[in-house]
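# Structure assessment
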Amino acid sequence: MNTAEQIVSPYGSWKSPFTAELVASASASVGSVLVDRATNPSRVYWLEARPSEGGRRTLLSKLVDDYSDATLVEHLADPRWNVRTAVHEYGGGAYAVHNGRVVFANWSDQGVYLLDTAQQGEPKRIGSMDDRLRYASFAIHESGKFAVCVCEDHRNPTTGAPAMLVAIALTESQEPRPDVVLFVGADFVSSPAMSSNDDIAFFTWDNPDMNWDATTLRRAHLLLDRGGLPIGLERVGVVAGQTERESIYQPRFDSEGTLHFISDRIGGFWNPYHESAGGEVVLSLAEPMEAEFASPEWSFGESTMQPVPGGGPRVAVTYGGKDGQSVLGILDAVTHVFEELPTPGWSLMGEFQFGTTRSGEPVLVLVAGGPTEPPSLFTYYINGMTSTRLSASSSSSSSSSSSSSSAMADEMAGFVSVPRTIAFPTRLPPLGDNSTVAEAYAYYYPPTNRDYSAPTGELPPLLVVSHGGPTSAAHAVYQPKIQYWTSRGFAVADVNYGGSTGYGRAYRERLYPQFGIVDVEDCCAVALHLSATGLVDRSRLSILGGSAGGFTTLACLAFRPEVFAVGASFYGISDLEILIKETHKFEAQYPVHLVGPYPEARDVYRSRSPLYSADRLACPVIFLQGLEDKVVPPNQATLMVNELREKGIKVAHIEFEGEQHGFRQAKNIVRAQESVLFFFGKILGFAPADRVEPAVPIYNE
């Protein structure tokens with residue numbers, strides 16, 4: 001439709017093909033990619049989260065060079081099976097595969113199960129068979145006799161869920177078989193990797209640090225009994241992290257036994273390193289780069305670096321820069337030569353695994369996406385430097401075929417907003433007339449809909465999105481949850497406030513101990529910057545965030561009430577003091593860095609908590625909360641809502657049965673998305689084209 005044929009309608013009221021149902025289906029993500037390198041490197045496995053099935057994660061596989069789905073298999077179709085672990089509450093690393101045998105954690109009981117994909121039988125529970133033990137980060141020994149994994153012990157509520165590295169025999173038994181404890185002594189342990197000569201590497205860290213603050217990389221040798229099962233470790237030593245304060249991720253052994261890993265020890269950026277034959281830590285690049293080759297490990301199983309099979313010191317890596325683009329390449333850790341590989345404009349890459357086609361050609365299997373296509377499963381032929389889609393995410397198609405995905409892309413042409421990176425001025429604390437001026441970053445999405453235009457002279461409303469974490473990042477990748485807004489006439493600013501990752505340690509530590517100050521300043525600064533440049537309507541600035549981003553949203557509304565007209569909090573924090581008292585082990589000491597030691601800094605916790613400044617709120621808010629959330633207790637939303645109701649401010653409060661931290665059920669994702677649109681329409685003065693049923697109850701309306 002050309003401009004003359006467009007329907008003239010106010011921003012916010014445009015009809016869009018990006019429905020709430022499409023947003024929900026986009027949550028059917030592809031992830032946790034693994035290749036069975038032991039005996040069948042031509043088969044790739046992955047997990048698919050299915051909102052339509054209550055958010056459960058099922059296991060699928062196919063051949064790496066099958067682009068017709070002829071070899072596609074769903075291995076755990078029965079809804080009883082949900083491949084998901086509760087370790088650290090965020091999970092990840094919930095399965096491993098070797099010779100067609102899959103060991104996995106099942107959500108309902110957190111038990112460890114063994115599935116033989118060559119047989120028709122059901123998975124069998126193995127190991128200790130104790131529901132109070134949780135397992136993650138599985139790695140199977142090349143013999144296939146046992147798996148090494150992380151175990152989180154919840155048998156004694158008074159001990160704080162100690163973490164261990166354990167070995168589990170991969171044999172079926174009618175009786176429980178105790179785990180073999182390989183390592184204890186740190187608050188957290190992660191990412192075991194084994195070499196062909198039975199060396200093992202893993203990293204650990206202790207409170208109050210998070211793993212992006214400081215970790216220790218350890219290396220040892222497995223002691224095996226005559227039957228080839230582990231009985232312990234010997235020659236346990238520290239490779240890195242003992243004398244340097246550094247964050248170390250992704251230990252990997254190459255085909256020659258060299259240990260590779262990623263660290264931010266030089267310059268504060270996560271760069272690739274390796275251990276020399278003499279035990280020295282060596283930068284694998286020719287010189288340090290101000291680029292991130294990894295991201296913070298909120299969950300197990302991250303993979304942005306993978307040794308090339310049979311390639312000696314060569315590793316596949318990816319890195320991102322401030323412009324939002326990502327680079328893929330092969331790095332020779334000895335010669336320091338980096339060979340950049342061409343990509344079709346990907347801005348996000350991960351889940352690296354190497355496979356082999358049926359003709360014997362090596363391929364990198366990865367999940368990748370860009371501004372106009374959702375993250376999908378690809379194979380990349382490193383010799384021919386070409387990529388092919390292997391499986392599309394559900395947000396682009398109900399089929400996995402690349403042709404169906406292309407058809408969907410054509411159908412959405414003209415409705416997809418392409419972001420651009422913006423840098424904007426902000427202030428660093430202490431805030432005041434003499435504050436230091438600095439730079440922060442965001443992705444700006446203009447309103448985009450080929451069928452509509454706005455009345456002459458009207459500026460669009462702005463939605464500021466504050467990501468969770470807060471040690472996380474926004475990415476310039478296709479997201480229906482953003483296109484939902486831009487295709488209806490909203491401009492969106494997806495903010496990487498100070499404290500975000502992707503810009504080095506100094507940038508992410510801007511938030512230490514300034515949570516509730518730096519993030520708030522940056523979110524307000526980007527909104528005012530965009531309105532000052534004439535891109536958005538100053539009177540219709542809105543903000544939305546989830547979890548830690550929900551806290552930032554509420555803090556913006558409470559402490560900078562002059563900026564925004566309306567806000568939406570998804571399972572957001574309103575009382576920092578309750579969070580440090582009630583949250584789970586993984587984040588129990590996180591607020592020490594973000595705010596300060598407790599109870600010594602109790603006054604700071606209360607002064608930055610929106611709950612205790614609810615009297616300063618001057619605009620409406622909608623709260624959306626899962627009732628089984630163990631990360632952000634549901635009572636935080638209830639307390640805030642009660643304060644606003646008493647003050648007479650318009651407020652909506654929707655609670656979801658069966659949801660935890662982040663909504664996984666399709667019906668609830670749809671309800672949440674439509675409810676926020678309905679609420680914003682009521683406050684900002686537009687009538688959505690969508691019919692929302694049932695209507696959202698608004699207090700004090």
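Higher on the page you've got the structure.
Residues numbered from 1 in each chain as written. Predicted model: local features only at pLDDT ≥ 70, side-chain atom pairs only at ≥ 80, totals over all residues. Heavy atoms only, no water.

### Considering the overall build of the chain
Worth spelling out the cut-off: Here a strand is any run of E in DSSP of at least two residues, a helix any run of H or I of at least four, and the numbering for each starts at the N terminus. For the radius of gyration, the atom set is restricted to C-alpha positions; the globular benchmark scales as 2.2 Å times the number of residues to the power 0.38. When a residue's accessible area, from a 1.4 Å probe over protein chains only, is under 20% of the maximum for its type it is buried; when over 50% it is exposed; and in between it is partly exposed. In what follows, a contact means two residues having at least one pair of non-hydrogen atoms within 4.5 Å. Where accessible areas are quoted, they stem from the Shrake-Rupley method and a 1.4 Å probe; at the residue level, only the protein chains shown are allowed to cover.
In terms of regular secondary structure, the chain is built from 11 helices and 38 strands. Here the C-alpha radius of gyration of the chain, 25 Å, is about what a compact globule of 701 residues would show, namely 27 Å. Each principal axis of the C-alpha atoms in the chain carries an extent, and together these give about 75 × 60 × 55 Å. Taken across its 701 residues, the chain has 62% of its residues classed as buried. Counting only contacts in the chain whose residues sit at least 6 apart along the sequence, the fraction spanning at least 24 positions is 59%. Summed over all atoms, the accessible surface of the chain reaches about 25,600 Å², with 49% contributed by carbon and sulfur.

### Comments concerning the nonpolar core
The condition is simple: Put simply, a nonpolar core is a bunch of buried Ala, Val, Leu, Ile, Met, Phe, Trp, Tyr and Cys residues held in one set by side-chain atoms that sit within 4.5 Å of each other.
Ranked by internal contacts, the top residues of the largest apolar core, which has 92 residues, are Leu462, Val464, Val526, Phe564 and Phe623. The residues contacting Val526, other than those within four sequence positions of it, are Ile422, Phe424, Ala442, Val464, Ala493 and Val495. One finds Val465, Ala672, Leu677 and Leu684 within the second-largest nonpolar core, a separate group that totals 39 residues.

### Topic: the pattern of salt bridges
In a structure, side chains of opposite charge can pair up when their charged atoms sit close to one another. Rules: Take a side-chain nitrogen of Lys or Arg and a carboxyl oxygen of Asp or Glu: if they are within 4 Å of each other, that pair is a salt bridge.
Scanning the entire structure with this criterion turns up 36 salt bridges. Measuring nitrogen to oxygen at the nearest pair gives 3.5 Å for the salt bridge that ties Asp109 to Arg125. Linking Asp109 in the loop between strand S7 (101–105) and strand S8 (112–116) with Arg125 in strand S9 (residues 124–126), this pair joins segments that are 16 residues apart in sequence. The pair Asp109 / Arg125 is uniform in exposure class, with both members buried. Of the charged contacts in the structure, one is a salt bridge between Arg505 and Asp264, with a shortest N-O distance of 2.9 Å. Taken together, the residues span a long stretch of sequence, with Arg505 in helix H4 (residues 505–508) and Asp264 in the loop between strand S19 (259–263) and strand S20 (271–275) at a distance of 241 residues. Residue classification places Arg505 among the buried residues on the basis of a relative accessible area of 12%.

### Regarding the environment of Arg488
Position of Arg488 among the secondary structure elements: in the loop between helix H3 (480–486) and strand S34 (491–496). C-alpha separation for the pair Arg488 and Ile200, spaced 288 residues apart in sequence, amounts to 52 Å. Ignoring sequence-local partners within four residues, the contact set of Arg488 consists of Tyr11, Gly12, Ser13, Trp14, Ser16, Phe18, Thr19, Leu677 and Asp690.

### Some words on the pairing of strand S26 (residues 348–356)
What counts, and what does not: One requirement defines pairing of two strands: DSSP has to find at least two bridges between them.
The element S26 is largely enclosed, with a buried count of 7 among its 9 residues. Both S26 and strand S27 (residues 362–370) contribute to a ladder of 7 bridges, which runs antiparallel. What sits directly across from Gly350, in S27, is Val367.

### Looking at unusual backbone geometry
For the bond from Pro429 to Pro430, the omega torsion is 5°, close enough to zero to count as cis. Relative to the helices and strands, Pro430 resides in the loop between strand S30 (420–428) and strand S31 (436–445). With an omega of -10°, the peptide bond running from Glu693 to Pro694 counts as cis. Not every positive phi belongs to a glycine, and Ser191 is a case in point at roughly 60°. Structurally, Ser191 is set in strand S14 (residues 188–194). Judged by relative accessible area, Ser191 falls into the buried class, the value being 11%. The residue Glu351 is not glycine, and still its phi comes out positive at about 60°. Take Glu351: it is sitting in strand S26.

### Description of the pairing of S8
When you tally the buried positions in S8, you get 4 out of 5 residues, the bulk of the element. Bridging between S7 and S8 involves 5 bridges; their strand directions are antiparallel. Each bridged residue has a counterpart across the sheet, and for Phe104 the counterpart in S8 is Tyr113. The antiparallel pairing of S7 with S8 creates a hairpin that spans 6 residues between the two strands, and Gln110 there sits at a positive phi of about 60°. The sheet contact formed by S8 and S9 spans 3 bridges and is antiparallel. Within the sheet, the bridge partner assigned to Tyr113 lies in S9 and is Arg125.

### Details of the state of the cysteines
For clarity, the threshold we go by: Two cysteine sulfurs form a disulfide in these notes if their separation is within 2.5 Å.
Summed over the entire model, instances satisfying the criterion amount to 0 disulfides. Free of any disulfide, Cys149 has its nearest neighbouring cysteine sulfur in Cys151, separated by 6.8 Å. No disulfide involves Cys524; its sulfur sits 4.0 Å from that of Cys556, the nearest cysteine. On the accessibility criterion, Cys524 (0% relative accessible area) is buried.

### Some details on the packing of aromatic side chains
Let me state the cut-off plainly: Side-chain rings of Phe, Tyr and Trp, where Trp is taken by its six-membered ring, are said to pair if the distance between their centres is within 6.5 Å; with planes under 30 degrees apart they count as stacked, over 60 as edge-to-face, and otherwise as tilted. The rule for a charge over a ring is simple: NZ of Lys or CZ of Arg within 6 Å of the ring centre, and within 35 degrees of the ring normal.
Here the structure, examined in full by the defined rule, presents 37 aromatic pairs. Both rings, one in Phe490 and one in Phe686, keep their centres 5.6 Å apart while their planes meet at 75°; by these two values the pair is edge-to-face. Taken together, the positions of Phe490 in the loop between H3 and S34 and Phe686 in the segment after helix H11 (666–684) put the pair 196 residues apart, joining distant regions of the chain. With respect to class, Phe490 is no different from Phe686; both count as buried. In this structure an aromatic cluster arises from ring pairing among Tyr90, Phe188, Phe203, Trp205, Trp212, Tyr249, Trp270, Trp298, Phe586 and Tyr590. Over the aromatic face of Phe188 sits the side chain of Lys585, whose NZ or CZ is 4.6 Å from the ring centroid. Note that Arg606 overlies the ring of Tyr612, its terminal NZ or CZ placed 4.0 Å from the centroid.

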